[in-house]
Amino acid sequence: MPTIADLLLGILAPALVCGIVGVAVWSKPSKVASALTGLAVAAGIGIAYVAVSGAPVLPGANRRLAAIEWLPWIVAISWILATIADARSPLARRYALPLVLVSLVLGRSFANRMQPAIPWGELLTIGGPMLVAWWAAARLAERDDGPSLPAAWTVSVSAFSIAALLTHSAKVAQIAGGVAACLGALAVAGFARPSLSLASVPAAVVLAALASLTINATVFSDLPQSAALLVALSLVAPSFAKIGSETRTLPRVIVHMTFALVPALVALYFAYRAAPESYR
Amino acid sequence: MSPIRIFLATGAIAGVIFASSFASPAVVVRPVAADAYKIDAVHSSVVFKAKHQNVSWGFGRFNDISGTITYDEAKPESSKVDLTIKTESVDTANGKRDGHLKSPDFFDAKQFPTATFVSKSVKSKDKKLAVTGDLTIRGVTKSITIDVEVTGVAKDGQGGELAGFYTEFTIQRTDFGVNYGQGGIGTDVTLMIGIEAAK
């Protein structure tokens with residue numbers, strides 16, 4: 001059972017950091033706001049990671065990092081690269097950045113599996129859909145301002161967290177819970193600041209963290225790939241909701257959350273079916 | 001920046017990031033002396049125990065072990081041990097529990113398929129050997145010193161030679177990143193290793 005300290009550090013602290021920054025940067029130019037909001041998300045994920053696993057570890061002569069231990073470094077590098085790409089050009093942001101970040105996630109996550117032979121089949125099977133989902137989700141983030149997308153992604157990531165918990169990935173589930181807390185706080189901040197956007201830097205940080213967590217849950221634990229694909233679909237499902245920009249905020253939020261919820265629930269069902277039985 | 005330059009820069013960065021994964025080899029090949037004993041897995045055992053709910057001992061074993069031992073009765077300080085345990089072979093007589101032990105909550109066998117012990121130095125201590133070496137579990141390497149009893153050396157009747165060794169020692173599983181379930185499963189894990197090796 002999680003303790004009060006786990007809940008405070010793993011959920012509340014990330015939510016506070018993201019919520020406060022999400023509201024505070026309302027007057028900043030969009031690229032600065034994007035960088036600062038992304039930094040808040042990265043910090044929130046970092047706090048959630050520390051709550052679960054302790055301080056991040058550097059690889060060394062006596063230490064090979066597990067895939068999950070690369071997560072804080074992946075998040076930090078994603079924030080740096082996304083901020084640079086956002087400042088450079090739309091081409092860099094839309095096409096170069098996802099390619100580089102997917103390579104980063106795959107390379108670090110599979111670092112312990114590169115010998116005796118590189119698992120090219122597995123890398124392409126995972127990397128291809130990951131890249132497609134990333135592009136689609138990032139494009140959605142560019143088009144959607146306000147609380148609706150953070151609220152929808154809170155649903156998707158929360159479902160992923162529960163699915164991971166069902167399939168022997170307690171650590172992944174707890175960290176994903178921190179990511180969901182960040183998104184939930186940004187959704188609340190979006191009501192106060194309708195111009196809040198996940199575009200570019202915040203989306204890149206969230207997607208990098210989710211990609212790393214998904215590989216940990218599916219490749220190194222028991223989450224079925226079908227559930228992972230449905231969570232990816234849940235992230236982009238709000239793009240299928242054809243509602244005009246004149247729609248009021250609350251109905252927009254409800255519609256987007258509903259569209260995200262349907263594939264998320266199916267993902268949970270698959271995870272439940274695959275969950276190993278208790279032996280206790 | 002032109003699209004072509006962005007494309008080339010992207011490819012270069014992605015390639016460097018990806019290729020850095022190959023920089024730290026997961027498998028280290030260690031040289032084996034020609035007169036080393038080879039561990040006989042059929043007649044060797046690696047058994048462990050840990051407390052459950054602070055009430056009873058739970059036992060398990062690893063069924064797939066391999067390695068080599070260099071041992072000279074006349075010069076025990078020149079001995080060497082190289083033991084490899086396949087973490088996928090963990091066996092606690094309960095398939096569901098074994099599946100949990102192989103998961104990232106415990107041994108993370110898909111990422112770390114082996115646990116190893118490689119000796120660095122050996123000293124004679126009373127009638128035993130004090131073996132100092134690197135124990136690696138779940139990617140974490142710690143230097144430990146264990147007391148090893150030489151249980152026997154004999155000819156096997158077919159022109160070869162057998163040597164037997166036994167050791168028992170306790171580690172803190174949290175030192176090796178195995179942190180799950182500390183409330184219900186003790187952090188002290190005792191290993192009991194009986195080896196028969198042949199050359």
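A brief report on the enclosed structure follows. (Residues numbered from 1 in each chain as written. Chains lettered and ligands numbered in written order. Predicted model: local features only at pLDDT ≥ 70, side-chain atom pairs only at ≥ 80, totals over all residues. Heavy atoms only, no water.)

**Points about the overall build of chain A**
We apply this condition: Runs of H or I in DSSP of at least four residues are treated as helices and runs of E of at least two as strands, each being numbered from the N terminus. Only C-alpha atoms enter the radius of gyration; for comparison, a globular chain is expected to reach 2.2 Å times N to the power 0.38, where N is the number of residues. Each residue's exposure class comes from its accessible area (1.4 Å probe, protein chains only) as a fraction of the maximum for that residue type: buried when under 20%, exposed when over 50%, partly exposed otherwise. The protein chains shown are the only cover counted for residues, whose accessible areas, like all others here, come from Shrake-Rupley with a 1.4 Å probe. Counting rule for charge: Lys and Arg are taken as positive, Asp and Glu as negative, and neither His nor the chain ends is counted. Each charge is placed at NZ for Lys, CZ for Arg, CG for Asp and CD for Glu.
Across its full length, chain A holds 10 helices and 0 strands. In sequence order, chain A lays out its α and β elements as α-α-α-α-α-α-α-α-α-α. At 18 Å, chain A has a C-alpha radius of gyration in line with the 19 Å of a compact globule built from 280 residues. Taking the principal axes of its C-alpha atoms as reference, chain A extends roughly 55 × 40 × 40 Å. Of all 280 residues assigned to chain A, the portion counted as buried reaches 54%. Surface summary for chain A: the accessible area is close to 11700 Å², and the carbon and sulfur share equals 70%. The averaged location of the 10 negative side-chain charges in chain A is 6 Å from the averaged location of its 18 positive side-chain charges.

**Points about the nonpolar core**
The line we're drawing: We call a set of buried residues a nonpolar core when its members are Ala, Val, Leu, Ile, Met, Phe, Trp, Tyr or Cys and they connect through side-chain atoms within 4.5 Å of each other. By definition in these notes, contact holds between two residues if any of their heavy atoms fall within 4.5 Å.
Residues Phe110, Trp153, Phe160, Leu213 and Ile215 of chain A are the most contacted members of the largest nonpolar core, which totals 83 residues. For this core, the leading source of residues is helix 8 (residues 201-218) of chain A, giving 13 residues. Those residues in contact with Trp153 of chain A that sit more than four places away from it in its chain are Ala137, Leu140, Ala141, Leu183, Leu198, Ala203, Val206, Leu207 and Leu235 of chain A. Counting 37 residues, the second-largest nonpolar core is a separate cluster that includes Ile85, Leu135, Ala163 and Phe169 of chain B.

**A few points about the packing of helix 3 (residues 71-88) of chain A against helix 8 of chain A**
Residues and elements named next belong to chain A. Basically, it comes down to this: To obtain an axis, a line is fitted to C-alpha atoms, over the contacting stretch when the element is a helix, and the angle between two such axes runs from 0 to 180 degrees between their N-to-C directions. In this scheme, roughly parallel covers angles under 35 degrees and roughly antiparallel covers those over 145, while 65 to 115 is roughly perpendicular and the rest are oblique. Crossing handedness is defined as follows: a turn of the near helix away from the far one that is anticlockwise and smaller than a right angle gives a left-handed crossing, while the clockwise case is right-handed. Charged residues are taken to be Asp, Glu, Lys and Arg, nonpolar residues to be Ala, Val, Leu, Ile, Met, Phe, Trp, Tyr, Cys and Pro, and polar residues to be all remaining types, Gly included.
Across the interface, helix 3 lies against helix 8 with an axial gap of 9 Å and an inter-helix angle of 150°. Between helix 3 and helix 8, the crossing angle belongs to the class labelled roughly antiparallel. Of the two elements, helix 3 crosses helix 8, and the hand of that crossing is right-handed. Along its contact with helix 3, which presents Leu71, Ile74, Val75, Ser78, Trp79, Ala82, Thr83 and Asp86, the element helix 8 presents Val201, Ala204, Val205, Ala208, Ala209, Ser212 and Leu213. Partitioning the contact of helix 3 with helix 8 into residue classes produces 11 nonpolar, 3 polar and 1 charged.

**Section: the interface of chain A and chain B**
Where we set the bar: The quantity reported as buried area is the accessible area (1.4 Å probe) lost by two parts once they are put together, taken as the sum for both. For salt bridges, the criterion is a side-chain nitrogen of Lys or Arg within 4 Å of an Asp or Glu carboxyl oxygen. Polar contact is defined as a pair of N or O atoms within 3.5 Å, subject to the rule that within protein one atom must be able to donate a hydrogen and the other to accept it, and that residues adjacent in sequence are counted only when both atoms are side-chain atoms.
Taken residue by residue, the interface counts 37 residues in chain A and 31 residues in chain B. Summed over both sides, the interface of chain A with chain B buries roughly 3100 Å², with 60% coming from carbon and sulfur. Three residues, Arg64, His168 and Tyr279 of chain A, lead the burial of chain A against chain B; their summed loss comes to 22% of the area buried on that side. Applying the counting rule to chain A against chain B returns 0 salt bridges. At the boundary of chain A and chain B, one finds 4 residue pairs in polar contact (both at pLDDT 80 or more). Mapped by element, the contributors of at least two residues to the side of chain A that touches chain B are helix 4 (90-109) and helix 5 (120-143) of chain A. For the side of chain A that touches chain B, the leading source of residues is helix 4 of chain A, giving 11 residues. Considering only residue class, the side of chain A that touches chain B consists of 19 nonpolar, 11 polar and 7 charged.

**Details of helix 7 (residues 170-192) of chain A**
This is how the line gets drawn: Helix span, expected: 1.5 Å multiplied by one less than the number of residues in the helix.
In this model helix 7 of chain A runs 34 Å from its N-terminal to its C-terminal C-alpha over 23 residues, within 8% of the 33 Å that 1.5 Å per residue would give. With 17 of 23 residues buried, helix 7 of chain A lies mostly within the body of the structure.

**Examining the pattern of salt bridges**
Between side chains of opposite charge, a pair can form when the charged atoms approach closely. Inspection of every chain in the model, using the stated rule, returns 12 salt bridges over all chains. Here Asp86 of chain A makes a salt bridge to Lys31 of chain A, at a shortest N to O gap of 3.7 Å. Residue Asp86 of chain A is found in helix 3, and its partner Lys31 of chain A is found in helix 2 (residues 30-53); the two are separated by 55 residues along the sequence. Of the charged contacts, one joins Asp147 of chain B and Lys125 of chain B as a salt bridge, the two residues approaching to 3.1 Å between their closest N and O atoms. On the criterion of sequence distance, the pair formed by Asp147 of chain B in strand 9 (residues 140-155) and Lys125 of chain B in strand 7 (residues 114-125) is long-range, its members being 22 residues apart.

**Overview of the pairing of strand 4 (residues 65-70) of chain B**
Defined as follows: Strands pair, by our definition, only if DSSP identifies at least two bridges between them.
Pairing of strand 1 (residues 37-39) of chain B with strand 4 of chain B involves 2 bridges; the strand directions are antiparallel. When the sheet's bridge partners are listed, Lys38 of chain B is paired in strand 4 of chain B with Thr68 of chain B.

**Observations concerning the packing of helix 7 of chain A against helix 8 of chain A**
Residues and elements named next belong to chain A. Relative orientation of the contacting elements helix 7 and helix 8 amounts to 160°, with a least axis distance of 10 Å. Between helix 7 and helix 8, the angle falls in the class roughly antiparallel. As helix 7 packs across helix 8, the resulting crossing turns out to be left-handed. Listed contacts from helix 8 to Val172, Ile175, Ala176, Val179 and Leu183 of helix 7 are Val206, Leu213, Asn216 and Ala217. Looking at the contact of helix 7 with helix 8, its residues break down into 8 nonpolar, 1 polar and no charged.

**Looking at the state of the cysteines**
Condition: Any cysteine sulfur atom paired with another within 2.5 Å is treated as part of a disulfide.
Applying the stated rule across the entire model yields 0 disulfides over all chains. No disulfide involves Cys182 of chain A; its sulfur sits 3.2 Å from that of Cys18 of chain A, the nearest cysteine.

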